[in-house]
Amino acid sequence: SYDSDENFLYTPGQDAVKAGMSDLGVANYGSLWAPNTFNFVEKNKGSQVICNGTTAGAPVPGGIMVRKEFGDERPDLVAKVLAAWLRGINYMLDPDYRDDTIKRLRKFYAFPISDSAIEIEFTRPLYDIEGQLKMMNREGNGTSELGIWFQRSIDFMMRQGTLSKAPVPDEYINV
């Protein structure tokens, strides 16, 4: 949707945001995520990133979630998917595979992306299994670091009306 008071376009569709800020010219601000951010700034001279999760002090965690029922019914499949995902993370973190990782990222993005944009991808945090377990660790009865990150996002989405009911991170972050 478009907020004319703030001249800000937000929508889940990245193509609509990019079009609204360039081709259609209806908005001066919009929310994009990588790699769309890099591509947009490179193609639209004068555009710039004014903030991101790091500069806003808001970690943007990603992860894999599984419905409890599915996890209970197919733990073997869940284990295989997680193993493949973790192998991919370890591959990306290994400097010996950097060139191949770059080649695969370019193919995955399916649009041209510059070397400098690809380099930005390697500045974003990526955690191996030890790092992930550390973030999910709830010392005593406390909330994990990851739980705190998710709670901040949930609180923001509740204030914006995006969520009607707030999930509790400790109920779905399992170690």
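Residues numbered from 1 in each chain as written. Predicted model: local features only at pLDDT ≥ 70, side-chain atom pairs only at ≥ 80, totals over all residues. Heavy atoms only, no water.

### What to know about the packing of aromatic side chains
(1) Moving on: All chains considered together, the criterion is met by three aromatic pairs.
(2) Moving on: Between Y91 and Y97, the ring centres sit 4.4 Å apart and the planes meet at 15°, which makes this aromatic pair stacked.
(3) Moving on: Judged by its relative accessible area of 27%, Y91 falls in the partly exposed class.
(4) Moving on: Looking at R98, its charged tip hangs above the ring of F122, at a distance of 3.7 Å from the centre. (Phe/Tyr/Trp six-rings, centres within 6.5 Å; stacked < 30°, edge-to-face > 60°. Buried < 20%, exposed > 50% of the residue type's maximum accessible area, 1.4 Å probe, protein only. Lys NZ or Arg CZ within 6 Å of the ring centre and 35° of its normal.)

### Notes on the pattern of salt bridges
(1) Moving on: This structure, assessed with the given rule, holds ten salt bridges.
(2) Moving on: Here D76 and R74 are joined by a salt bridge, their closest N and O atoms 3.4 Å apart.
(3) Moving on: Across the pair R98 and E119 runs a salt bridge whose closest N-O atoms are separated by 2.8 Å. Here the residue R98 occupies a position in helix α5 (residues 98-109), and E119 occupies one in helix α6 (residues 115-121), the gap between them amounting to 21 residues.
(4) Moving on: Judged by its relative accessible area of 29%, R98 is partly exposed.
(5) Moving on: A single salt-bridge network, built from bridges that share partners, covers D100, K103 and R104. (Salt bridge = Lys/Arg side-chain N within 4 Å of Asp/Glu carboxyl O. Helix = DSSP H or I, 4+ residues; strand = E, 2+ residues; numbered from the N terminus.)

### Examining the environment of M65
(1) Moving on: Checked against the element boundaries, M65 lands in the loop between α2 (36-43) and α3 (68-73).
(2) Moving on: Placed 108 residues apart in sequence, M65 and I173 show a C-alpha to C-alpha distance of 8.8 Å.
(3) Moving on: Look past the residues within four positions of M65 in its chain and what remains in contact with it is F150 and Y172. (Contact = heavy atoms within 4.5 Å.)

### Notes on α5
(1) Moving on: For α5, spanning twelve residues, the distance from its first C-alpha to its last is 16 Å, which sits close to the expected 16 Å at 1.5 Å a residue.
(2) Moving on: Residues of α5 that are buried: D100, T101, I102, L105 and Y109.
(3) Moving on: Buried residues belonging to α5 abut α4 (75-93) and α6.
(4) Moving on: Once α5 finishes, A110 follows within two positions and takes phi at roughly 65°, a positive value. (Expected span 1.5 Å × (residues − 1).)

### A short note on a nonpolar patch on the surface
(1) Moving on: Together, I64, V66, L77, V81, L82 and W85 give the surface a local cluster of nonpolar side chains, amounting to about 430 Å² of exposed area.
(2) Moving on: Its location among the elements puts I64 in the loop between α2 and α3.
(3) Moving on: Residue I64 is classed as partly exposed on the basis of its relative accessible area of 37%. (Patch = residues over 30% accessible without salt bridge, like charges linked within 9 Å, V, L, I, M, F, W, Y side chains within 5 Å. Areas by Shrake-Rupley, 256 points an atom, 1.4 Å probe, with all protein chains shown as cover.)

### Observations concerning helix α1 (residues 14-21)
(1) Moving on: Residues Q14, V17, K18, G20 and M21 constitute the buried set of α1. All buried residues of α1 fall inside an arc of 165° around its axis, so they share one side. (Arc of directions from axis to C-beta.)

### So, the nonpolar core
(1) Moving on: Membership of the largest hydrophobic core is limited to seven residues, which are F38, I102, L105, Y109, I113, A117 and I118.
(2) Moving on: Among the elements of the structure, α5 and α6 are those that each provide at least two residues to this core.
(3) Moving on: It is α5 that contributes the most residues to this core, three residues altogether.
(4) Moving on: Dropping the residues within four chain positions of it, A117 is found in contact with F38 and E42.
(5) Moving on: In terms of nonpolar packing, the next biggest core, distinct from the first, is built from six residues, L146, W149, F150 and I173 among them. (Core = buried A, V, L, I, M, F, W, Y, C linked by side-chain atoms within 4.5 Å.)

### Overview of unusual backbone geometry
(1) Moving on: Across the junction of A34 and P35, the peptide omega takes the value 0°, indicating a cis bond.
(2) Moving on: With respect to the secondary-structure elements, P35 resides in the loop between β3 (29-30) and α2.

### Side note on the side chain of N39
(1) Moving on: Within the secondary structure, N39 is located in helix α2.
(2) Moving on: Judged by relative accessible area, N39 falls into the buried class, the value being 7%.
(3) Moving on: Apart from the residues lying within four places of it in its own chain, the contact partners of N39 are F111 and P112.

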